[in-house]
Amino acid sequence: MLVLFGNDPAPQPTWIRRLDVRTKMAISALASTAVMALNQPWSLSLLVVASTLYALSLRRLKLVLVCYLAVLFLGATALLFIHGLHWVWPRASATRIQDLIVPFLRTGVMVNVMLALALSSNIQSILTGLKSLRLPFCIFIPAVVMIRFIPNFIEDVRQIAETVRIRGYRFTPWLLGSRPLLAVRLLFAPLLFRALRTSDELGMAAELKGIGYSRILSPYKSVHFGKLDVGVGLTALLLVAAALAVQLLFPASPGVRI
Amino acid sequence: MIALDHIHYAYPFQTCKALDDVCLRIRPGEAVLCTGRSGSGKSTLARLINGLCPHVFRGDLRGRVTVAGQDNLARRISEIAHDVGTLFQDPEHQFFALAVEDEMAFAHEWRNRTPAEIQRRIEEAADSLGVRPLFGSVLHALSEGEKQKVALASIMSLKPKVLVLDEPTANLDPEATMDLGRHILRFKKEGMAILVVDHRLYWLRDIVDRVIVMDRGRIALEGGFTMLSDHSLRAHYGLRLDSVSDPRPGLTESFLHDGFLQVEGLHFSYRRGRDLFNGASFQLPRGVTGIIGNNGAGKTTLARVLTGLNSKRAGKIRLDGKPVSPHELLRRSSLVLQNTDHQLHMKTVVAEMELSAARVSTRLRETLVAGYLRDLDLAHLVKRHPQSLSGGEKQRLAIACGLAKQPDVLVLDEPTSGLDGRNLQRIAAAIRMTADRGACVLLISHDLELIASVCDCALRVPIKTSPPTPI
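Residues numbered from 1 in each chain as written. Chains lettered and ligands numbered in written order. Predicted model: local features only at pLDDT ≥ 70, side-chain atom pairs only at ≥ 80, totals over all residues. Heavy atoms only, no water.

Further remarks concern the overall build of chain A. Looking only at helices and strands, one finds ten helices and zero strands in chain A. Listing the helices and strands of chain A from first to last along the sequence gives α-α-α-α-α-α-α-α-α-α. Every one of the 258 residues in chain A was classed for burial, and the buried ones make up 41%. Accessible surface computed for chain A: about 14,100 Å², of which carbon and sulfur atoms make up 74%. (Helix = DSSP H or I, 4+ residues; strand = E, 2+ residues; numbered from the N terminus. Buried < 20%, exposed > 50% of the residue type's maximum accessible area, 1.4 Å probe, protein only. Areas by Shrake-Rupley, 256 points an atom, 1.4 Å probe, with all protein chains shown as cover.)

The assigned domain composition of chain A is domain 1 (9-122 + 224-258) and domain 2 (135-216). Computed over C-alpha atoms only, the centres of domain 1 of chain A and domain 2 of chain A are separated by 27 Å. (Domains from an automatic or database assignment.)

Contact with chain A, which involves 55 residues of that partner, is made by 62 residues of chain B. For the pair chain A and chain B, the summed buried area comes to about 5,500 Å², and 58% of that belongs to carbon and sulfur atoms. The three residues of chain A that bury the most area against chain B are A:Arg167, A:Lys209 and A:Tyr220, which together make up 17% of that side's buried surface. Our count for the chain A to chain B interface comes out at five salt bridges. For B:Glu352, the salt bridge identified is with A:Arg167, shortest N-O distance 2.9 Å. Of all elements in the fold, only α6 (123-132), α7 (137-166) and α9 (180-208) of chain A reach the threshold of two or more residues within the side of chain A that touches chain B. Tallying contributions element by element places α7(A) first for the side of chain A that touches chain B, with 16 residues. Here the side of chain A that touches chain B is built from residues that sort into 31 nonpolar, nine polar and 15 charged. (Contact = heavy atoms within 4.5 Å. Buried area = accessible area lost by both parts, 1.4 Å probe. Salt bridge = Lys/Arg side-chain N within 4 Å of Asp/Glu carboxyl O. Nonpolar A, V, L, I, M, F, W, Y, C, P; charged D, E, K, R; others polar.)

Below, the discussion takes up the sheet that holds strand β7 (residues 162-166) of chain B. Residue and element names in this part refer to chain B. Taken in spatial order, the six strands make up an open sheet running β6-β7-β8-β3-β9-β10, and their pairing is mixed. The open sheet terminates on both sides in strands that have one partner only, identified here as β6 (84-87) and β10 (218-223). Across the sheet, the mean angle from the axis of one strand to that of its neighbour is 20 degrees, orientation sign disregarded. Bridge count between β7 and strand β8 (residues 193-197): five bridges; the pairing is parallel. What sits directly across from valine 164, in β8, is leucine 195. Contacts from helix α1 (residues 42-50) reach β3 (31-36), β6, β7, β8 and β9 (210-215) within the one sheet, and its direction differs from that of β8 by about 150 degrees. Where helix α6 (residues 144-156) meets the sheet, it contacts β6 and β7, and its direction lies at approximately 175 degrees from that of β6. (Pairing = 2+ DSSP bridges. Axes fitted to C-alpha atoms, helices over the stretch in contact; angles between N-to-C directions.)

A word on the domain arrangement of chain B. Residue and element names in this part refer to chain B. Its domain assignment divides chain B into domain 1 (2-237) and domain 2 (248-460). Between the C-alpha centres of domain 1 and domain 2 there is a distance of 31 Å. Between domain 1 and domain 2, the contact holds 20 residues from the first and 15 residues from the second. Summing the contributions of domain 1 and of domain 2, the shared interface buries around 1,300 Å²; its carbon and sulfur component is 42%. Interface area lost by domain 1 to domain 2 is led by Asp173, Pro174 and Arg200, which between them contribute 32%. Mapped onto the side of domain 1 that touches domain 2, the elements with two or more residues apiece are α6, α7 (174-189) and α8 (231-237). Ranked by the residues each element gives to the side of domain 1 that touches domain 2, the list is headed by α7, at three residues. Here the side of domain 1 that touches domain 2 is composed, by residue class, of six nonpolar, eight polar and six charged.

All names here are of chain A. Inspection of the secondary structure puts serine 43 in helix α3 (residues 41-56). Among the residues examined, serine 43 registers a relative accessible area of 0% and is labelled buried. Apart from residues no more than four positions distant in its own chain, serine 43 is found in contact with Leu38, Ala243, Val246 and Gln247.

Residues and elements named next belong to chain A. Helix α10 (residues 227-249) packs onto α3 with a crossing angle of 160 degrees between their chain directions and a minimal axis gap of 7 Å. Put simply, α3 runs roughly antiparallel to α10. Handedness of the α3/α10 crossing: right-handed. Contacts between α3 and α10 involve Trp42, Ser43, Leu46, Leu47 and Ala50 from the first element and Leu239, Val240, Ala242, Ala243, Val246 and Gln247 from the second. Each residue belonging to the contact of α3 with α10 can be placed in one class, and the counts come to nine nonpolar, two polar and no charged. (Parallel < 35°, antiparallel > 145°, perpendicular 65-115°, else oblique. Left-handed = near helix turned anticlockwise from the far one by under 90°.)

It is worth spelling out the nonpolar core at this point. Grouped together as the largest cluster of nonpolar side chains are 50 residues, with contacts concentrated most on B:Ile194 and B:Leu228. If you look at the next biggest cluster of nonpolar residues, it comprises 39 residues, including B:Leu251, B:Val336, B:Tyr372 and B:Leu373. (Core = buried A, V, L, I, M, F, W, Y, C linked by side-chain atoms within 4.5 Å.)

Moving on to the packing of α3(A) against helix α5 (residues 101-120) of chain A. Residue and element names in this part refer to chain A. Two elements in contact, α3 and α5, have axes separated by 9 Å at closest approach and are oriented at 25 degrees. One way to sum up the angle between α3 and α5 is to call them roughly parallel. Judged by the twist between their axes, the crossing of α3 over α5 is left-handed. The residues of α5 that touch α3, namely those facing Pro41, Leu44, Ser45, Leu47, Val48, Ser51, Thr52, Tyr54 and Ala55, are Ile101, Val102, Leu105, Arg106, Gly108, Val109, Asn112, Val113 and Ala116. Each residue belonging to the contact of α3 with α5 can be placed in one class, and the counts come to twelve nonpolar, five polar and one charged.

A separate point is the pairing of strand β12 (residues 261-269) of chain B. All names here are of chain B. With seven bridges joining them, β12 and strand β13 (residues 275-284) adopt antiparallel strand pairing. Directly across from leucine 261, in β13, lies its bridge partner leucine 284. Pairing between β12 and strand β15 (residues 314-319): five bridges, direction antiparallel. Following the sheet pairing, glutamine 262 is matched in β15 by arginine 318.

To continue, consider a nonpolar patch on the surface. Among the surface-exposed residues, A:Leu85, A:Trp87, A:Val88 and A:Trp89 lie close enough to one another that they form a single nonpolar patch of about 550 Å² accessible area. What makes A:Leu85 partly exposed here is its relative accessible area of 48%. (Patch = residues over 30% accessible without salt bridge, like charges linked within 9 Å, V, L, I, M, F, W, Y side chains within 5 Å.)

Quick look at the structure:
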């Protein structure tokens, strides 16, 4: 089961799927550190281009575009609310489009690397990868529970949408517009309780399996990095170094907010 | 091996005790059945033995619980798990990994065992329960029976001294249930102390050494299995039958009756999956039809197609001789699935019912809702939040909502799993009443008692195509 869109039974064999999940996690961590450090549009653009190529190598163009549209929708909604707030309360600062370039580029990089990780890795490989990292107990358990929660959550949303259909309703724009409170209740009331119950169940399952009995975990399956992982890892490092060089050579102009 | 001495236990924020002065001893190699009506304290007893109470659920505990000579209160739950293996009603609740082999290895990885030792242990347990061929499978794709076996194999690979089974047969077909019984007998011979908490009794006749009947948090009765033959005792404590003869072979085929729901040339498969129905033709009469088949045969999928929830690839469906679209089917049918948590949306029980009866005329709605609430013993809960109800109450509410829609086709998927004898009778009466109103009720159930009490005929899955139906 993939982290997202889990019931794709025959994913296309691309190089990104052959990468060790730890490499993809390291690339995501490197990207998040880099976007925090960089604040110059050209340096971030370099990472956006590279990460877009990385995400597109999934060969799931339609799905990636849908995710981009969802992110754009969220960005546009935020912008709308900022302007609304400024209109109601003029002392709140209005946001110009150019102010959003750097945050937009940062979001773009993160969306690309996270999509590549989520759409090319299955949950089990992430769990195995985390085990092999021998992380401290206090980091490993919450991380595993969080990741293990994802497929349950997706399944809950699917089942709730289904039961709503059985009751004679559909989550259409018409329902959301005409009876927003009912629509919210139909989806979120069971989702909230399921989420609480799932986390309880997972916690109990972990306890009953004796997690925490030993401070050290001995992984059953060992995982190894391959040449591809080394190559992709080095490329990622070089790209971040190049972006940093661009940043140092062309510092951010005073008009650009970070 | 297991010793409970004068246990008093109350869950947090509860004034009423869940267990009240309970004493129990289970020796190595002994199997004990714990039964009783819903809410009598059976599951709490199991939770005290595996340490979930009070370590996870908290609450107020007085008395002493000892397992393998050690006080549970003095040990962490991960230490108790070394001695006690627990199997739940829904094994998915105890899976942490997503693939069979990883799941079986998971607990061992926390016990500092070498990969070679882990492999040896899980292969040995998998062989003894026949799940080795499933090693590469994804857990959620397995049938209920297979999931149960994987969960059991996973526990057995840890070689616990105590086995606690909480409603282990609620989702199993009768064949898988008998298979589980054989495994329990083997574990007994190996010296394990076993506690089985269950409403279904018949399958444990030759397996358990002793029976305890719980009532309002106390052990009301203790004795051999034969004491359950007393009808008045069973009625008093809301128990199910102690012996059940399999009614399935005696049920006539649905196509021998006048068809209300007629299906011709049904083709269905999940995306990129194999064909589940390949040109199936059959008809289902008004009244109650049992959809019968083993775990994983496609019964729930059939129900989903017949109610328009899943779209068929090809085929015709008619209701009372008239072709119907999937949308129309969904409008005229009710499908009550097993996932009650997902089906409850509103603030109060009565609002939940009214949402389901939204299409019934306002004049009739109030009477109808009140009637179903009374019939399913929910009338005293009308103001409660549906998600705050107990498992059995939620199950009855979901069924009441399905009935309140006044459907032409009502599909119930395992409506009595985990319910006691009294509630089984209530559900059976409600099903019968709906069928008598003229609805076509499809019952997907492994519950032999329910099948025996309500089914008029059967549709067996996989479907052997019936003689051409006169559509």
